[in-house]
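Here are the chains, one letter per residue:
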Amino acid sequence: MSKEITSRATDYSQWYNDLILKGELADYSAVRGCMVIKPYGFALWEHMRDALDKMFKDTGHVNAYFPLFVPKSLFEAEEKNAEGFAKECAIVTHYRLKADPAKPGKLMVDPEAKLEEELVIRPTSEAIIWNTYKDWIQSYRDLPILVNQWANVVRWEMRTRLFLRTAEFLWQEGHTAHATKQEAIEEAEKMLHVYADFAENWMAVPVIKGVKSANERFAGAEDTYCIEALMQDGKALQAGTSHFLGQNFAKAFDVKFSDKENKLEYVWATSWGVSTRLIGALVMAHSDDQGLILPPRIAPTQVVIVPIYKGDEQKAQIDARVQAIMSELKALGIRVKYDDNDNARPGWKFAEYEMKGVPVRLAIGARDLEKNVVEVARRDTKEKNVVSLDGIAGYVNNLLTEIQQFMFDKAKAYRDANITPANSWEEFEKLLDEKGGFISAHWDGTPETEEAIKEKTKATIRCIPLDNPQEEGKCIFSGKPSVQRVLFARAY
RNA sequence: CGGGAGGUAGUUCAGCCCGGUAGAAUACCUGGUUUGGGACCAGGGGGUCGCAGGUUCGAAUCCUGUCCUCCCGACCA
């Protein structure tokens, strides 16, 4: 198979697809809009999942699991949520197939096996979870409930893209219940900070924390907090959301508790989620025309060692030395792979691991053994250095830390250079078309204006940053008074 | 759902216009030589040409229908 990657400049979409497919993160499947996550891609997801899971547990959350199917009557209980998702739901209507009398060897849906009530395949789990919480909550002593679920969900999107928008995807969804509004808001904000911490410190993707405008808010939420990242083509990507749900779901599912004064109150709620879409963000934030570039902290393989030898004798000597190096690296908790596959030559391996984004490569041959050195190549900058084998594990460990930091700094410098203020409509349109990125501009605060801007330019308000400085100004579009700038961008 | 492209070997594709019973590269298998940036030689296996009809002596090729995929757009918590 040809392993050539379309360059970003030639066709950004094709470049992205090439990276996913040739980097072996995922494949297309026989199912419309659904992808197969390959072992390498899934290993990446596992590292992300494990890091997040620990962060959730450290903030007091526990995991549980709720059903894939949501009876239609439950699904429609919270009207705004149901309405928001209605047009992208997959629905189970029957529970049996039978032999098709008209087509030998073929099956047909058994019309006798129609369900009394249709089952919606969850696009999100608020409904089934709040229906359950009703049974769990009687008193303020039952609160808070801090539950997370790792699950798959289905959203029947019209158009799909690998990782960014697939019909079925993997995610986590936290669903919490609280006695007070204040506590729920604090929870939603806390989880937003957890997401930002993960994105920046693990994925090396800088994000802007903010609040969504009413138009972009989650269906059924009072407030949607989000982290927004910037991709290399100047488009924004929503990387995670955390919602303050008010008492909307408690009211829809009649979830009340007795407070200390024995007064019945509706429960306050949050939900928050990130998905395999983060992998799309990771790919587009860092990679180049040679392939993936993965940040060390979540790279499935952090270090690959490639032997270079002539004959079995040299191979045996290298093997022995490499085993010792591997032990040292593993002792420091480094994920290392020794690729001594004899069917592929070194050059092929170099290209292959660059494609797959392995952060550090060690190449070691007979001439290195003689000098007690090794060639160390880093994926992000393509730098190569010959380094002494004495203390190599410590050297590599430091290098991994350095790469992690360098990747973040680079992405942040790019992101910061692409937040541009616009002070007139002409400037706004020009920036969108010629530069892209986030555009910081005054907005009169109305949904109508946001909609009109979207209509004209395809740009939406990505977020109103947290702790946004208040500043008198005039709306870029309507000219009406504005109290602050907000961030606009074209988005995925 | 509108526009475009496409479905032929594991993969990428040629063949189709002008019908004659399927080909390249790569990957794979065997043996050998190789190994510091995608090795080479020799031999070998592998395809109901998306599916269903039709025209024809004969269909990957022509006609009709249908399913699916990708890209652009609309939509997208």
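Residues numbered from 1 in each chain as written. Chains lettered and ligands numbered in written order. Predicted model: local features only at pLDDT ≥ 70, side-chain atom pairs only at ≥ 80, totals over all residues. Heavy atoms only, no water.

**A short note on a nonpolar patch on the surface**
No. 1: The grouping of L97, L107 and V109 at the surface amounts to a nonpolar patch, some 300 Å² of accessible area in total.
No. 2: Considering the arrangement of structural elements, one finds L107 in strand β7 (residues 107-109). (Patch = residues over 30% accessible without salt bridge, like charges linked within 9 Å, V, L, I, M, F, W, Y side chains within 5 Å. Areas by Shrake-Rupley, 256 points an atom, 1.4 Å probe, with all protein chains shown as cover. Salt bridge = Lys/Arg side-chain N within 4 Å of Asp/Glu carboxyl O. Helix = DSSP H or I, 4+ residues; strand = E, 2+ residues; numbered from the N terminus.)

**Brief notes about the nonpolar core**
No. 1: Core analysis: the biggest nonpolar cluster contains 61 residues, and Y16, L25, M48, M203 and M231 have the highest contact counts within it.
No. 2: The leading source of residues in this core is helix α6 (residues 181-201), at 10 residues.
No. 3: For this core, the two domains that each supply at least three residues are domain 1 (12-69 + 132-286) and domain 2 (303-406).
No. 4: Setting aside residues up to four positions removed in sequence, L25 forms contacts with I20, V36, I37, K38, Y40, G41, L44, F163, I279, V283 and L292.
No. 5: V120, W130, F218 and L245 belong to the second-largest nonpolar core, a separate cluster that totals 28 residues. (Core = buried A, V, L, I, M, F, W, Y, C linked by side-chain atoms within 4.5 Å. Buried < 20%, exposed > 50% of the residue type's maximum accessible area, 1.4 Å probe, protein only. Domains from an automatic or database assignment. Contact = heavy atoms within 4.5 Å.)

**Observations regarding the packing of helix α1 (residues 12-22) against helix α8 (residues 277-286)**
No. 1: Following both chains from N to C, one finds α1 and α8 inclined at 115 degrees, their axes separated by 11 Å at the closest point. Looking at the two axes, α1 sits roughly perpendicular to α8. You can see that α1 and α8 cross each other, and the crossing is right-handed. Contacts between α1 and α8 involve Y12, W15, Y16, L19 and I20 from the former and G280, V283 and M284 from the latter.
No. 2: Considering only residue class, the contact of α1 with α8 consists of seven nonpolar, one polar and no charged. (Axes fitted to C-alpha atoms, helices over the stretch in contact; angles between N-to-C directions. Parallel < 35°, antiparallel > 145°, perpendicular 65-115°, else oblique. Left-handed = near helix turned anticlockwise from the far one by under 90°. Nonpolar A, V, L, I, M, F, W, Y, C, P; charged D, E, K, R; others polar.)

**Some words on the protein's contact with RNA strand B**
No. 1: Lining the immediate environment of RNA strand B, one finds 43 residues, of which R32, R155, R159, R165 and F218 sit closest.
No. 2: Looking at RNA strand B alone, sugar and phosphate atoms form 45% of those within 4 Å of the protein.
No. 3: Between RNA strand B and E354 there is a distance of 2.7 Å, counted from a base nitrogen to a side-chain nitrogen or oxygen.
No. 4: R361 has a polar side-chain atom sitting 2.6 Å from a base oxygen of RNA strand B.
No. 5: Looking at the surface near RNA strand B, the elements that each hand over two or more residues are α1, α10 (346-355), β19 (360-365) and α11 (366-371).
No. 6: Top element by residues in the surface near RNA strand B is α10. It accounts for eight residues. (Near = heavy atom within 4 Å. Polar contact = N/O pair within 3.5 Å; in protein donor to acceptor, adjacent residues only side chain to side chain.)

**Some points on the sheet that holds strand β21 (residues 384-388)**
No. 1: Pairing is mixed across the open sheet formed by five strands, whose spatial order is β18-β17-β19-β20-β21. Unpaired on one side and paired on the other, β18 (336-338) and β21 mark the two borders of the sheet. Averaged over all adjacent pairs, the angle separating strand axes in this sheet is 25 degrees, with direction ignored.
No. 2: Inspection of the sheet shows strand β17 (residues 303-308) paired to β18 by three bridges, in the parallel sense. Within β18, the position partnered with V304 by the bridge is K337.
No. 3: On the sheet, helix α9 (residues 311-331) packs against β17, β18 and β19 and is oriented at approximately 170 degrees with respect to β18.
No. 4: In this fold α10 packs onto β17, β18 and β19, with an angle of close to 170 degrees to the strand it touches most, β17. (Pairing = 2+ DSSP bridges.)

**Comments concerning the pattern of salt bridges**
No. 1: Tallied over the full model, the rule gives 26 salt bridges.
No. 2: One salt bridge connects R379 with D288, and the closest N-O pair in it is separated by 2.7 Å. Here R379 is found in the loop between β20 (373-378) and β21, whereas its partner D288 is found in the loop between α8 and β17, with 91 residues between them in sequence. This pair shows no difference in class: R379 is buried, exactly as D288 is.
No. 3: For D319, the salt bridge goes to K315, with nearest N and O atoms at 3.1 Å. In this pair, D319 and K315 are both assigned in helix α9, four residues apart and thus about one turn of the helix distant.
No. 4: Among the ionic contacts, a cluster of salt bridges with common partners joins K212, E216, E228 and R462.

**Concerning the pairing of strand β10 (residues 168-178)**
No. 1: A large share of β10 lies buried, amounting to nine of its 11 residues.
No. 2: Pairing between strand β9 (residues 145-154) and β10: 10 bridges, direction antiparallel. Counted as the bridge partner of L146 is T176 from β10.
No. 3: Sheet analysis places β10 next to strand β16 (residues 268-275), joined by eight bridges and oriented antiparallel. Its bridge partner lying in β16, G174 is registered against W272.

**A few points about the packing of aromatic side chains**
No. 1: Here the structure, examined in full by the defined rule, presents 16 aromatic pairs.
No. 2: A ring pair is formed by Y133 and W136, whose centres lie 5.4 Å apart and whose planes are at 40 degrees; its orientation type is tilted. Of this pair, Y133 and W136 both sit in helix α5 (residues 126-136), separated by three residues, roughly a single helical turn.
No. 3: Overall, the relative accessible area of 0% leaves Y133 in the buried class.
No. 4: A residue is classified by how much of its surface remains accessible, and W136, at 39% relative accessible area, is partly exposed.
No. 5: An angle of 90 degrees between the planes, with centres 5.9 Å apart, marks the rings of F169 and W171 as edge-to-face. (Phe/Tyr/Trp six-rings, centres within 6.5 Å; stacked < 30°, edge-to-face > 60°.)

**Let's talk about the sheet that holds strand β4 (residues 69-71)**
No. 1: Read from one edge to the other, the open sheet built from three strands follows the order β4-β8-β5, with strand pairing classed as antiparallel. The outermost strands of the open sheet, each flanked by one partner alone, are β4 and β5 (91-94). Neighbour-to-neighbour, the strand axes of the sheet open up by a mean angle of 35 degrees, direction not taken into account.
No. 2: Two elements, β4 and strand β8 (residues 114-121), share three bridges in a ladder whose sense is antiparallel.

**Considerations on the domain arrangement of chain A**
No. 1: The domain architecture assigned to chain A consists of domain 1 (12-69 + 132-286), domain 2 (303-406) and domain 3 (419-489).
No. 2: Here domain 2 and domain 3 have C-alpha centroids that lie 49 Å from each other.

**Digging into unusual backbone geometry**
Most peptide bonds take the trans form, and the phi angle of most residues other than glycine is negative.
No. 1: Following L143, the chain continues to P144 via a peptide bond in cis, the omega torsion being -5 degrees.
No. 2: Along the chain, P144 turns up in the loop between α5 and β9.
No. 3: For K382, which is not a glycine, the phi torsion comes out positive at approximately 65 degrees.
No. 4: Position of K382 relative to the elements: it lies in the loop between β20 and β21.
No. 5: Assessed through its relative accessible area of 37%, K382 is described here as partly exposed.
No. 6: Here K458, not a glycine, exhibits a phi torsion of approximately 70 degrees, which is positive.
No. 7: For K458, the location among the structural elements is in the loop between α14 (447-457) and β24 (460-465).

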